[in-house]
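Now for the letters of each chain:
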Amino acid sequence: MRVRVPDYFDGFSCLAGACPHSCCIGWEVVLDEDTVRRYQQLPGALGERLRDAMALDGEDVCFPLDGRRCPFLNQENLCDIHCALGPEATSVTCQEHPRFIEDYGPFQEITLSAACPKANELLLGTRDPLTFSEHQDNQPTEDGDEWLDWLVPLRDRLLDLLRDRSRSLKARLRDFLLITGEAQQLFDSENMAELAAFCTGSLAISAETNAGSGSWEAAACRCLQDLEILEPDWLALLKQWEQAPELPSFAPQDPEKLERIAVYFAFRYLLKAVNDGDLLGRAQFCALGVLVTDRLSRFVGLPEALRLFSREIEHDEDNLATLREQFWQTEGLSLSALLAAFGG
């Protein structure tokens, strides 16, 4: 199988006990079925401790938090299971984090969550354009959805557009939204021939849009506060944003790093439209992620703004789904409002 990863992927290694924001704190660990069976059969004191810690949360078996910490996170901020039995004895959740792994049949794409301090550091540790590398592994392949035939080339061309530094980031993000909006219209009309031609031909962009009304800032701030909140520091940051004066327009302090964030989001999310056809909603999420992290960076710096946004939004499927609904329901988060934020 072909596997595509960001160019900094091989530089990642877990900070373990030195991590300033351990993924074993604040997040309940869900156990996969194979891991549950292994723990149920494990002999000795550790086996008893594992079985005592397991609990049902709905249909999932998990380790409920003990004072916001995984019960197996020791005083050195190391995992007792990992230390005693090795990393292969931990759950799939623990083994994969901070990797987001997406299987598309004939190929797989992996990103590293910006909620992880080390992955965040690698993403924002340079201003060079973010690129991706590909390798083969021994995993079996499956047939891919036919929609990937047009979605993959379109997504890759959009990545090139976002990396085109001959133009302002504002202009690139505006065109990114306009192109995905036109592709969405063709998809909704089920005009497959015209859609294929659009995705593989020259990307002609229509400049005709309805004028946006309302403030994307006010709408985004309200919407994010209404989502599920994982940690109080996120709510405190949103309240600080709510009380701050609005900025007149998108004027990024660090456009090269914001470009890397935009490419990170676009690589991770656009192809997921193959599951439900919502390409534009995912593009709007990418644009909103750039706008929000840029705005919040005025209070906590760009790495921390992105880390908090990723932790609270990217790791909560309900929050992601609610945001995509709000792009259709809330005027300040509509396509026209986001285009207006970029001067279009």
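Presented here is an overview of the structure given in this document. Sequence order sets the numbering: in each chain, residues are counted from 1 along the sequence as written. The model is predicted, so local features are restricted to residues of pLDDT at least 70 and side-chain atom pairs to those at 80 or more, both for listing and for counting; the totals for chains, interfaces and linings are taken over all residues. Think of the side-chain values as coming from all heavy atoms in the structure, minus any hydrogens and water.

Only DSSP runs of H or I with at least four residues qualify as helices, and only runs of E with at least two residues qualify as strands; both kinds are numbered from the N terminus onward. When helices and strands are counted, the protein shows 15 helices and 7 strands. For the protein, the C-alpha atoms occupy an extent of roughly 70 × 50 × 40 Å along the three principal directions. Surface exposure here means Shrake-Rupley accessible area, sampled with a 1.4 Å probe, where a residue is shielded only by the protein chains that are shown. Accessible area for the protein stands at about 16,000 Å²; split by element, carbon and sulfur atoms hold 48% of it. We count Lys and Arg on the positive side and Asp and Glu on the negative side, and we leave His and both chain ends out. For charged residues, the charge sits on one atom: NZ in Lys, CZ in Arg, CG in Asp, CD in Glu. Here the protein contributes 31 positive and 58 negative side-chain charges, whose respective centroids are spaced 7 Å apart.

Below, the discussion takes up unusual backbone geometry. Note that the residue after His 97, namely Pro 98, is joined by a cis bond; omega there is 10 degrees. In this structure, Pro 98 sits in the loop between α4 (92-96) and β5 (99-103). In this model, Arg 68 sits at a positive phi of 70 degrees, which is unusual for a non-glycine residue. Positive phi, normally seen in glycine, also occurs at Asn 77, with a value near 60 degrees.

For the rest of this paragraph, the subject is the environment of Leu 224. Residue placement: Leu 224 occurs in helix α9 (residues 216-226). Residues Leu 224 and Thr 322, 98 residues apart in the sequence, show an inter-C-alpha distance of 9.7 Å. Contacts between residues were defined by any pair of non-hydrogen atoms, one from each residue, lying within 4.5 Å. In this structure Leu 224 touches Ile 229, Trp 234, Leu 238, Trp 241, Val 292, Ile 313 and Leu 323, once residues within four positions along its chain are discounted.

A separate point is the sheet that holds strand β7 (residues 132-136). The criterion for strand pairing is that DSSP finds at least two bridges linking the strands in question. Pairing is mixed across the open sheet formed by 4 strands, whose spatial order is β5-β6-β1-β7. One side of each edge strand has no neighbouring strand; the edge strands of this open sheet are β5 and β7. In this sheet, adjacent strand axes meet at a mean angle of 20 degrees when their direction is disregarded. Axes here refer to lines fitted to C-alpha atoms; in helices the fit is confined to the stretch in contact. Angles between the N-to-C directions go from 0 to 180 degrees. Relative to the sheet, helix α11 (residues 255-269) contacts β1 (2-6), β5, β6 (107-112) and β7, its axis offset from that of β6 by approximately 145 degrees.

A few words on the pattern of salt bridges. Salt bridges are defined as contacts in which a side-chain nitrogen from Lys or Arg sits within 4 Å of a carboxyl oxygen from Asp or Glu. As enumerated under the stated definition, the model contains 26 salt bridges in all. In this structure, Arg 167 and Asp 175 form a salt bridge, with 2.6 Å as the shortest nitrogen-oxygen distance. A single network of salt bridges, built from pairs that share partners, joins Arg 4, Glu 109, Arg 155 and Asp 156.

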